[in-house]
Amino acid sequence: MDAMDMEACASVEKELDRVVTKLEHLHKNASAEIGDIASLMSELVNVLGMAEQMVVTTLNTGTQMNAPGTGSPDDPMGENVNMQVETEPAAPQRLTDRQMDIIRDSIVKCNERVQKLSSEHRDLHGSVSKIGKAIDRNFSADFTSTMRVDALQDEDNLMLLNKAIAKHYCRQGMDDVARTLIKECKMSEEHAQDVFDSEREFAEIYNIWMQIQKRDLSEALKWAERHSGQLREGHSIVEFQLHRMRLFQLVSNGMVSQDEAIAYARTYVKNFPAKEIGYLMLSLIYVPVGLENTRYKHFLSQEMWTELSFIFLREACELLGISKNSALSVVVNAGCTALPALLNIKQVMQSRKVLGMWNGCDELPIEIDLPPEFRFHSIFACPILRQQTTEDNPPKKLTCGHVISNDALHKLSNGHILKCPYCPVEQNAEEAVRIYF
Ligand SMILES: [Zn+2]
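Residues numbered from 1 in each chain as written. Predicted model: local features only at pLDDT ≥ 70, side-chain atom pairs only at ≥ 80, totals over all residues.

As named in an unreviewed UniProt entry, the protein chain is CG3295, taken from Drosophila busckii.

Caption draft 1: Examining the environment of Q211 more closely. Structurally, Q211 is set in helix α6 (residues 189-213). Residues Q211 and S309, 98 residues apart in the sequence, show an inter-C-alpha distance of 8.5 Å. Setting aside its immediate chain neighbours within four residues, Q211 contacts D216, E219 and A220. (Helix = DSSP H or I, 4+ residues; strand = E, 2+ residues; numbered from the N terminus. Contact = placed C-beta atoms within 7 Å.)

Caption draft 2: Geometry of helix α12 (residues 302-320). Along its 19 residues, α12 runs 27 Å from first to last C-alpha, staying within 8% of the 27 Å computed at 1.5 Å per residue. Regarding α12, the residues found buried are L308, F312, E315 and A316. The arc that holds every buried residue of α12, seen down its axis, measures 100°, which confines them to one face. Exposed and facing more than 90 degrees away from the buried side of α12 are Q302, E303 and T306. Elements that come into contact with the buried residues of α12 comprise α6, α7 (218-226) and α9 (238-252). At the C-terminal side of α12, G321 shows a positive phi close to 70°. (Expected span 1.5 Å × (residues − 1). Buried ≥ 20, exposed ≤ 12 C-beta atoms within 10 Å, placed from the backbone. Arc of directions from axis to C-beta.)

Caption draft 3: Local environment of the sheet that holds strand β2 (residues 403-405). With antiparallel pairing, three strands are arranged side by side in an open sheet as β2-β1-β5. With partners counted over all chains shown, the strands left at the sheet margins are β2 and β5 (433-434), one partner each. The sheet contact formed by strand β1 (residues 395-397) and β5 spans two bridges and is antiparallel. Opposite K396, over in β5, you have R434 as the bridge partner. (Pairing = 2+ DSSP bridges.)

Caption draft 4: Quick look at the packing of helix α4 (residues 155-171) against α6. Two numbers describe how α4 lies on α6: the axes approach to 8 Å, and their chain directions differ by 30°. Viewed along their axes, α4 and α6 adopt a mutual orientation that is roughly parallel. The two elements α4 and α6 cross, and the hand of that crossing is right-handed. Listed contacts from α6 to M159, K163, A166, K167, C170 and R171 of α4 are H191, V195, F196, S198, E199, F202, A203 and Y206. (Axes fitted to C-alpha atoms, helices over the stretch in contact; angles between N-to-C directions. Parallel < 35°, antiparallel > 145°, perpendicular 65-115°, else oblique. Left-handed = near helix turned anticlockwise from the far one by under 90°.)

Here you go:
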């Protein structure tokens, strides 16, 4: 990353920090404000409840006072009185001044607080939109020259993209999001089934990975037991590490887990490497006091849990032969790595009017140096033409053992005769064989 990029990052980061500080402040204040509003409201409800109670009581008392008159058959006016009670509404009951004050006061205070919250929220919104502007200002937003616009005009390609997105969601246990996407893009039954089938195994692993981060080892231990044989065959240490973590977890629970910890150690520790057994068993003496102030302390730190979760993720994926990253995230990350290089040559391409070259070729016009995690198989670059080999121009092994690309082979051969450019052995060009990486 050059100095200019660093500067751009720094200025966006400054805006970001501002928003985070504001958000933290707002979060703290808002909880207090909302608490205040809630207690004002409940006070209001109380007052109104009491007032209602009073109205009901007064009404009942009123009816009862009239009742003897209405019920008496001797009273000639009885019917009239009865009519009066039924038709004449009860005299409006006034709240006491004190009640009115409380109600008015609560409403004013609530209004004030809600308005304050809303204006703070508006303010935050303003700051968030400033980040967007800072990004626009500091980074190039025009990637059109690096795009293959035709790529997604093809319906099949578009469906492949939707499928990759759906798979990505599926992997992370967001099946409902994947299902909605599948429905909305009208993906065929067959493709949709493939999305779920192919990611099912990973979804389980992902789920366990999340649980380990939450310090829950139950599912991870079950998984390790199920795959114990294969894990040992591959000399994996993840099973040992899971059991070790569980033992320390039990020890740190204190006396309540004493029996469980001892039973656990008896069952599992015997399978561990001999040199570890003494060290692990010794931890049991700390059951009464916990591991907090002992040399075992660091085993239960958050870093160790995170590390364990990632070791599990890596080894489980390796064992099942699946990638720990989704195809979509690999493509996006590799694409982001390539973007700066592509933007850099944009000018060159435009000035030489060779933009047309970009379209319709399977390869990028420049080499992008990707980090090792993005390299999935070996590639072969022809030493003669200095080009990466492709399906159309595959690598060929000559009878002398040297390898060059098919195009180079044709360029160098004279009829059927080919003289190897490295060891000048003369041979029949027809005898070169295609090799695969
Ligand atoms: Zn040779």
